[in-house]
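Residue strings, one per chain:
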Amino acid sequence: MELIVPTKQTHEGFCSFHSTRKEITVKCLYKSSSVKVLVGQLRKHRQNKVFAISRSETLGTNGRLSSVEKRTHVQGSVSENFEEFESNNYLRRLVRNGELEESFKHLESMVYRGDIPDIIPCTSLIRGFCRIGQTKKATRVLEILEDSGAVPDVITYNVLISGYCKSGEIDNALNVLDRMSVAPDVVTYNTILRTLCDSGKLKQAMHVLDRMLQRECYPDVITYTILIEATCKESGVGQAMKLLDEMRSKGCVPDVVTYNVLINGICKEGRLNEAIKFLNNMPSYGCQPNVITHNIILRSMCSTGRWMDAEKLLADMVRKGCSPSVVTFNILINFLCRKGLLGRAIDLLEKMPKYGCTPNSLSYNPLLHAFCKEKKMDRAIEYLEVMVSRGCYPDIVTYNTLLTALCKDGKVDVAVEILNQLSDKGCSPVLITYNTVIDGLSKVGKTELAIELLNEMREKGLQPDIITYSSFVAGLSREGKVDEAIKFFHDLEGLDVRPNAITYNAIMLGLCKARQTDRAIDFLAYMISKGCKPTESTYTILIEGIAYEGLAEEALELLNELCSRGVVRKSSAEQVVVKM
């Protein structure tokens with residue numbers, strides 16, 4: 001039988017295992033340098049076996065001692081070596097099938113029997129545990145591997161370090177770095193530096209860079225780009241430029257990603273003209289700007305209202321042979337829609353195929369949002385149908401935008417109909433989707449239908465939040481069912497849901513409308529006792545309630561006192577007086 005085992009980053013090279021009835025021949029060829037070891041150091045707990053070693057020895061990726069020139073003869077049982085090989089094969093199958101727990105148990109039993117596990121499936125097992133957040137289990141796999149006599153390579157350590165970094169356990173990642181039995185490579189350091197920089201720990205990242213240089217592991221373009229990006233965010237582009245100079249002085253050539261990071265930093269500092277100049281100078285630095293470079297500048301032009309410059313830049317991109325991407329058009333369409341220039345946005349949308357770009361949901365969403373904002377619901381639904389007819393399926397953001405607008409426009413029945421069709425369209429509703437429609441139903445007095453939706457969302461595994469419940473309370477209060485609303489309110493406390501000011505205000509409004517302002521005042525006291533701070537609306541609701549019960553003078557006096565204390569703004573007080 002023949003087994004191909006890669007080494008280094010992809011585990012290149014191969015091992016051929018030939019088995020006969022009396023012996024197993026192991027031949028290993030590797031691109032990596034030979035690692036000479038003593039037999040006794042390789043496997044102390046297998047001293048009952050005597051290895052005849054040839055002049056040239058290497059330690060394979062699975063930690064197995066092998067000979068380049070001669071066969072390795074084992075005195076004892078050949079079948080034990082064959083069993084070890086088969087055991088490793090079984091381990092590979094388990095890991096490949098994603099059976100992590102079974103793989104872990106098998107690994108433990110292998111080592112208990114004295115078998116040396118292959119590092120490649122063990123590395124995959126570490127990666128599998130890290131992927132599901134079980135970094136402790138992944139660390140245990142590495143410990144078992146090290147204790148077994150196998151020699152993990154830098155990839156194995158990098159996988160574990162990456163797992164720790166992704167789960168936010170940077171201290172554990174640094175601990176692994178300290179105890180590595182092989183020299184860390186640039187990938188090891190870049191993984192740690194990226195996590196430190198993303199966490200805003202630039203100072204600590206620079207210390208890691210110093211350690212990297214002390215160990216004679218030289219930074220690459222990725223290392224410097226990570227640090228330049230973090231420096232831009234923390235200390236500004238000026239400091240980042242110094243790092244760029246250092247990078248060049250050490251013979252590390254910046255690439256387009258490095259320059260994009262700098263241009264983005266310049267734009268964020270509001271120096272758009274300098275960013276444009278930098279863009280134009282890039283070819284003289286030996287680097288051609290790409291579509292991402294242009295998109296960064298375009299986004300900044302649009303955010304500062306320089307639409308004419310953005311159009312010119314788009315034309316320059318095409319002229320220079322830099323094809324616009326879907327993102328390019330989406331930036332421009334989004335800007336035009338926010339400015340209310342829907343006609344120009346539609347023209348741009350229609351031109352996208354001409355440039356080899358197919359519009360996606362992010363291309364249509366700004367248009368739909370703009371139509372909804374202008375209360376042009378017919379046009380919004382029309383473009384929803386255009387999307388689908390062109391093979392672009394709306395996402396949940398599209399539907400949430402449409403549902404919000406329909407509910408605001410009082411077309412709740414249409415919203416419910418669309419909500420009921422979402423699952424059939426392959427788009428699962430999320431919490432905000434249900435909250436939008438439930439709130440819409442509650443506002444038009446259809447709380448019974450809203451309760452049906454509440455039960456439906458629970459059945460789908462969506463947990464209602466305080467926004468959901470506040471909509472019910474407000475709906476019941478608005479319908480004059482204030483006692484029912486209070487009962488529902490107290491049920492929330494039993495569900496460990498903490499009501500907010502909006503929930504309390506809804507109850508007080510219902511009580512005031514029912515001319516039960518005294519109960520509303522009691523409810524205010526209850527609100528404060530529960531540690532919920534009253535808002536300006538809380539007080540204006542009570543003042544209006546007092547006036548509604550015929551105590552206008554008392555209400556006005558209280559309003560003036562609250563204004564003098566700064567609890568109610570003067571503008572809000574004027575609105576209350578008009579209502580009184």
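Because the structure is a prediction, the values reported are computed rather than measured.

Conventions used here
Counting restarts for each chain, with residues numbered from 1 along the sequence as it is written. Residues qualify for local features only when their pLDDT is at least 70, as the model is predicted, and side-chain atom pairs are given and counted only at 80 or more; totals for whole chains, interfaces and linings, by contrast, use all residues. Think of the side-chain values as coming from all heavy atoms in the structure, minus any hydrogens and water. Remark: nonpolar core denotes a set of buried residues (Ala, Val, Leu, Ile, Met, Phe, Trp, Tyr, Cys) joined through side-chain atoms within 4.5 Å. With a 1.4 Å probe rolled over the protein chains alone, any residue whose accessible area is under 20% of its type maximum counts as buried; one over 50% counts as exposed, and the rest are partly exposed. In this description a helix means any DSSP run of H or I spanning at least four residues, a strand means any run of E spanning at least two, and both kinds are numbered starting from the N terminus. Whether two residues are in contact is decided by their heavy atoms: any pair within 4.5 Å suffices. Fitted lines through C-alpha atoms give the axes, limited to the stretch in contact for helices. The angle between two N-to-C directions lies from 0 to 180 degrees. Comment on the angle field: the value is read as roughly parallel under 35 degrees, roughly antiparallel over 145, roughly perpendicular from 65 to 115, and oblique elsewhere. Note on convention: the crossing is left-handed when the near helix lies turned anticlockwise from the far helix by less than a right angle, right-handed when the turn is clockwise. Under the scheme applied here, ten amino acids are nonpolar (Ala, Val, Leu, Ile, Met, Phe, Trp, Tyr, Cys and Pro), four are charged (Asp, Glu, Lys and Arg), and all others, including Gly, are polar. Pairing of aromatic rings covers Phe, Tyr and the six-membered ring of Trp, with a centre-to-centre limit of 6.5 Å; geometry is then stacked below 30 degrees between planes, edge-to-face above 60, and tilted otherwise. Either the NZ atom of lysine or the CZ atom of arginine qualifies as a charge over a ring when it sits within 6 Å of the ring centre and within 35 degrees of the ring normal. Patch membership requires over 30% relative accessible area and the absence of a salt bridge. Like charges are linked within 9 Å, and nonpolar side chains (Val, Leu, Ile, Met, Phe, Trp, Tyr) within 5 Å. Accessible surface area values rest on a Shrake-Rupley calculation with a 1.4 Å probe, where residue burial reflects the displayed protein chains alone. We define a salt bridge as a side-chain nitrogen of Lys or Arg found within 4 Å of a carboxyl oxygen belonging to Asp or Glu.

Break down the nonpolar core for me, citing the residues and quoting the values.
Counting 158 residues, the largest nonpolar core has Ile192, Ile228, Leu262, Ile297, Leu367, Tyr383 and Met508 as the members making the most contacts within it. Per-element tally for this core: the top contributor is helix 6 (residues 154–166), with eight residues. If we ignore the near neighbours within four places in the chain, the residues touching isoleucine 192 are Ile161, Cys165, Ile170, Ala173, Leu174, Leu177 and Val208. Membership of the second largest hydrophobic core comes to nine residues, among which are Ala547, Ala555, Leu559 and Val568.

Tell me about the packing of helix 22 (residues 431–443) against helix 23 (residues 447–459), residues and numbers included.
Running from N to C, helix 22 and helix 23 cross one another at 165°; their axes reach a closest spacing of 8 Å. Between helix 22 and helix 23, the angle falls in the class roughly antiparallel. Here helix 22 runs over helix 23; the crossing is left-handed. Along the contact surface, helix 22 presents Leu431, Tyr434, Val437, Ile438, Leu441 and Ser442, while helix 23 presents Thr447, Leu449, Ala450, Leu453, Leu454, Glu456 and Met457. Taken together, the residues that form the contact of helix 22 with helix 23 break down as ten nonpolar, two polar and one charged.

Describe the packing of aromatic side chains, with residues and values.
All chains considered together, the criterion is met by 13 aromatic pairs. Centre to centre, the rings of phenylalanine 329 and tyrosine 355 are 5.4 Å apart; their planes meet at 45°, and the pair counts as tilted. One end of the pair, phenylalanine 329, is in helix 16 (residues 326–338); the other, tyrosine 355, is in the loop between helix 17 (342–351) and helix 18 (361–373), with 26 residues separating them in the sequence. Overall, the relative accessible area of 29% leaves tyrosine 355 in the partly exposed class. Centroid distance phenylalanine 472 to phenylalanine 488: 5.6 Å. Interplanar angle 45°. Geometry classified as tilted. Taken together, the positions of phenylalanine 472 in helix 24 (residues 466–478) and phenylalanine 488 in helix 25 (residues 482–494) put the pair 16 residues apart, joining distant regions of the chain. Of the two residues, phenylalanine 472 and phenylalanine 488, neither departs from the other in class, the shared state being buried. If you follow lysine 137 out to its NZ or CZ, it ends over the ring of phenylalanine 104, 4.7 Å from the centre. One cation-aromatic arrangement involves arginine 515 over tyrosine 548; the distance from NZ or CZ to the ring centre is 4.2 Å.

Please give an account of a nonpolar patch on the surface that cites residues and values.
Together, Leu556, Val577 and Met580 make up a nonpolar patch on the protein surface, roughly 220 Å² of accessible area in all. By the element assignment, methionine 580 lies in the segment after helix 30 (570–579).

Would you mind going over the packing of helix 8 (residues 186–198) against helix 10 (residues 221–235) in detail, with residue names and values included?
For the pair helix 8 and helix 10, interaxial distance at closest approach is 9 Å and the crossing angle is 10°. Taken together, the axis directions place helix 8 and helix 10 in an arrangement best described as roughly parallel. For the pair formed by helix 8 and helix 10, the contact residues are Val186, Asn190, Leu193, Arg194 and Cys197 on the first element and Ile222, Thr223, Ile226, Leu227, Glu229 and Ala230 on the second. Looking at the contact of helix 8 with helix 10 residue by residue, the classes come out as seven nonpolar, two polar and two charged.

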